[in-house]
2 protein chains.
Amino acid sequence: MGGDFGPSVTIPALARLRRQRPDIAYLLFGKAEEIEAELAAFPELAAICTIEHCDTAISMNDKPSIALRQGRKVSSMWRAVEALKEGRAQSCVSAGNTGALMAMAKIILRTLPGIERPAIAAVWPTVRGESVVLDVGATIGGSPAQYVQFAVMGAAYARTVFGMSKPTIGILNIGVEDIKGTDGVRDANDLLERSDLDYVGFIEGDGIGRGDADVVVTEGFTGNIALKTAEGTARQIATYLRQALTSSLISKLGYLLARGAFASLAERMDPNSANGGMFLGLNGAVVKSHGGADIAGFATAVEVAIEVAQADISAQIANDIDNMQSLLDDAWAETLD
Amino acid sequence: MGGDFGPSVTIPALARLRRQRPDIAYLLFGKAEEIEAELAAFPELAAICTIEHCDTAISMNDKPSIALRQGRKVSSMWRAVEALKEGRAQSCVSAGNTGALMAMAKIILRTLPGIERPAIAAVWPTVRGESVVLDVGATIGGSPAQYVQFAVMGAAYARTVFGMSKPTIGILNIGVEDIKGTDGVRDANDLLERSDLDYVGFIEGDGIGRGDADVVVTEGFTGNIALKTAEGTARQIATYLRQALTSSLISKLGYLLARGAFASLAERMDPNSANGGMFLGLNGAVVKSHGGADIAGFATAVEVAIEVAQADISAQIANDIDNMQSLLDDAWAETLD
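The rules behind these values
Residues numbered from 1 in each chain as written. Chains lettered and ligands numbered in written order. Predicted model: local features only at pLDDT ≥ 70, side-chain atom pairs only at ≥ 80, totals over all residues. Heavy atoms only, no water. Least-squares fit on C-alpha atoms with pLDDT ≥ 70 in both. Contact = heavy atoms within 4.5 Å. pLDDT = per-residue confidence, 0-100. Salt bridge = Lys/Arg side-chain N within 4 Å of Asp/Glu carboxyl O. Helix = DSSP H or I, 4+ residues; strand = E, 2+ residues; numbered from the N terminus. Buried < 20%, exposed > 50% of the residue type's maximum accessible area, 1.4 Å probe, protein only. Axes fitted to C-alpha atoms, helices over the stretch in contact; angles between N-to-C directions. Parallel < 35°, antiparallel > 145°, perpendicular 65-115°, else oblique. Left-handed = near helix turned anticlockwise from the far one by under 90°. Pairing = 2+ DSSP bridges.

Description of the relation of the copies chain A and chain B
Comparison of the two chain copies shows a relationship of rotation about an axis with a shift along it.
Okay, step 1: For the match of chain A to chain B, the screw axis carries a shift of 0.0 Å, the RMSD comes to 0.1 Å, and the turn is 180°. With respect to symmetry, the two chain copies, as superposed, fit the operation of a two-fold axis. Closest to the rotation axis within chain A is the C-alpha of Gly 254 of chain A, separated from it by 1.8 Å.
Okay, step 2: Taken together, the interface assignments show that 100% of the residues at the interface of chain A recur at the interface of chain B, consistent with an identical surface on both copies.

Topic: the confidence of the model for chain A
Okay, step 1: Predicted confidence across chain A gives a mean pLDDT of 90, with 96% of residues reaching 70 or more.
Okay, step 2: Interface scoring of the predicted complex returns ipTM 0.87; its pTM is 0.89.

Considerations on the pattern of salt bridges
Okay, step 1: Applying the stated criterion across every chain yields a total of 24 salt bridges over all chains.
Okay, step 2: Asp 206 of chain A serves as the salt-bridge partner of Arg 210 of chain A, at 3.7 Å between the closest nitrogen and oxygen. With Arg 210 of chain A and Asp 206 of chain A both in helix H9 (residues 205–210) and 4 residues apart, this pair spans about one turn of that helix.
Okay, step 3: Residue classification places Asp 206 of chain A among the buried residues on the basis of a relative accessible area of 15%.
Okay, step 4: Here Asp 212 of chain B ties to Arg 210 of chain B by a salt bridge, and the two come within 2.8 Å at their closest N and O atoms.
Okay, step 5: You can call Asp 212 of chain B partly exposed: its relative accessible area is 33%.
Okay, step 6: What you see here is one network of salt bridges that share partners, running through Glu 52, Arg 79, Glu 86 and Arg 88 of chain A.

A few points about the packing of helix H7 (residues 144–161) of chain A against helix H8 (residues 183–193) of chain A
All names here are of chain A.
Okay, step 1: At a minimum axis separation of 8 Å, H7 and H8 run at an interaxial angle of 55°. The angle between the axes of H7 and H8 places the two elements in the oblique class. The chirality of how H7 crosses H8 is right-handed. Every residue of H8 that contacts H7 at Pro 144, Ala 145, Tyr 147, Val 148 and Ala 151 is listed here: Gly 184, Val 185, Asp 187, Ala 188, Leu 191 and Leu 192.

Focus: the sheet that holds strand E3 (residues 91–94) of chain A
Strands pair in a sheet through their backbones, by hydrogen bonds, and they do so in one of two ways: parallel or antiparallel.
Residue and element names in this part refer to chain A.
Okay, step 1: Reading across the sheet, the 8 strands line up as E3-E10-E9-E4-E5-E8-E6-E7 and stay open at both edges, with mixed pairing between neighbours. On the outer flanks of this sheet lie E3 and strand E7 (198–203), each paired with one strand and no other. Looking at each pair of strands side by side, their axes are set apart by 25° on average, direction ignored.
Okay, step 2: Across 3 bridges, the pairing between strand E5 (residues 130–134) and strand E8 (residues 215–217) is parallel. Within E8, the residue paired with Val 132 across the bridge is Val 215.
Okay, step 3: Against the sheet, helix H5 (residues 76–85) touches E3 and strand E10 (285–288), its axis set at about 160° to E3.
Okay, step 4: With respect to the sheet, H7 is in contact with strand E4 (119–125), E5, strand E6 (168–172), E8 and strand E9 (277–280), its orientation differing from that of E8 by roughly 160°.

This is how it looks when you write it as structure tokens:
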């Protein structure tokens with residue numbers, strides 16, 4: 001039970017969810033005494049939790065290689081993911097070290113047939129609603145075929161979590177014309193235009209928040225920087241807003257009158273409200289919560305985990321990739337010409 | 001005289017600057033009758049302007065190759081850049097087609113000795129003040145040596161335009177640890193640690209707006225997407241803010257009271273207030289204004305052009321690169337080992 005705050009956040013989050021989702025039970029991996037201490041305040045939650053004590057915890061800053069060396073088999077993170085593989089859990093949520101979680105998830109669960117590399121999908125609030133952006137940090141660089149795999153994975157996520165029947169897909173690029181960008185994105189563009197997906201072409205950085213596509217496909221380096229730049233910009237504007245509204249007595253009074261509106265604005269700008277980066281492309285549902293998520297944020301991540309488990313998103317992805325295999329095979333054969 | 005609005009924006013912008021900078025005279029390239037029609041309203045400005053009529057204008061959406069084929073020698077854009085080379089102008093501002101301007105500037109002016117590729121530098125408002133981010137779209141990908149060249153160019157810009165004596169430099173990456181990111185950024189990190197520059201290491205996307213470094217170095221694909229993502233996020237939050245503040249009568253009243261504060265917020269969020277992407281690394285000062293810049297925005301771009309011309313930033317860059325040549329030579333030789 002990791003993250004920056006441990007059971008003091010995760011247990012109250014589960015307590016909050018218990019009433020909404022009485023059908024869900026929890027396996028909790030971590031230091032038993034710490035978990036029990038928090039659970040004492042929530043006896044009804046305690047009744048649906050099974051604690052599996054682990055002495056070893058992965059620290060937030062360990063490199064994945066160190067985490068694997070010290071945490072294989074014995075750490076709470078490893079054992080939580082392993083419970084998925086053993087069929088004892090249907091999905092797994094962690095607020096811990098992202099790199100270590102991805103490494104363990106990939107080693108324990110392995111990628112789905114036809115998926116070369118996993119991706120981390122982030123839910124991105126837009127002026128139209130929500131989009132899913134992937135990859136935001138699992139895989140640096142990417143072949144055109146991987147972009148297609150990410151598109152399939154993102155579309156399955158949008159259908160499952162957003163309930164969209166036919167999500168639109170775009171590739172993140174530095175312009176919308178076919179000639180723009182790297183060879184990788186241009187070749188991926190050609191492939192997706194030949195696919196059955198609802199592909200809308202290239203979109204630019206400012207098109208993500210505008211909602212130009214329901215699924216935004218990119219590789220992990222660019223996607224991670226875009227995501228963190230957007231989070232940083234939101235935080236920066238919140239700082240400006242606070243400074244502006246406390247600059248004079250009149251504006252403070254205005255703030256008091258409009259504070260209901262600001263609360264709703266803060267909620268829409270809050271990264272916690274879209275918490276739950278999903279690891280896609282693996283044989284199992286692993287959801288990564290922000291390390292600094294609060295109770296509401298961690299609860300959102302667990303809700304996402306429940307939704308993807310119930311929709312069996314992995315089976316959908318495996319099926320869709322299978323349907324696209326001939327397109328990918330043809331494209332691969334063309335590279336040999 | 002291009003951009004989305006032509007002389008109807010650019011001429012009033014120059015008229016506004018005339019009083020602040022009576023020492024500057026202008027060469028104007030474009031359709032003489034259109035320029036003269038706008039200048040008629042500003043006789044004092046007209047007295048310090050020389051119009052050079054050009055029949056050919058580069059359209060905003062032409063590919064650079066088409067723009068070159070049709071506009072070489074004859075277009076207003078080509079001739080404006082050529083005036084720099086001829087020494088008839090000390091800097092050049094355009095609100096036109098960015099790709100075409102970069103292509104013409106590179107062909108006419110050529111890169112400075114020791115600079116492989118030019119960069120577009122963007123001024124990025126931060127909670128601490130302003131930073132410069134480069135490259136934001138001129139050069140896709142980049143060798144470690146190019147990152148060093150961009151760092152030198154960005155530092156010269158920060159000294160010249162921001163007046164900083166010793167600007168700090170960071171490389172944009174997906175984490176701050178040495179092991180993170182692509183081979184390119186890791187090798188660039190090694191090089192910059194061995195340099196005399198005030199290098200602070202890797203910074204993440206959310207570190208740009210926080211002002212973690214005065215100069216943020218990246219390659220053009222990532223930089224362009226980061227810049228446009230930040231612009232899109234700012235616009236998105238402005239939309240949310242408008243919706244929140246008009247959602248009820250009470251919040252509308254609050255808005256009325258705080259409207260002075262909102263005006264100052266809008267100014268800080270306005271891309272026009274930091275308008276003027278500088279092309280760095282060329283034998284001459286070329287500044288690109290946003291195509292959609294308003295009068296204040298275009299005036300800001302011209303002010304930047306005046307500052308960099310007076311500081312002779314190209315000479316500074318050439319000198320600094322010369323001082324770093326042995327470091328770059330050593331690094332290059334090591335790749336042959």
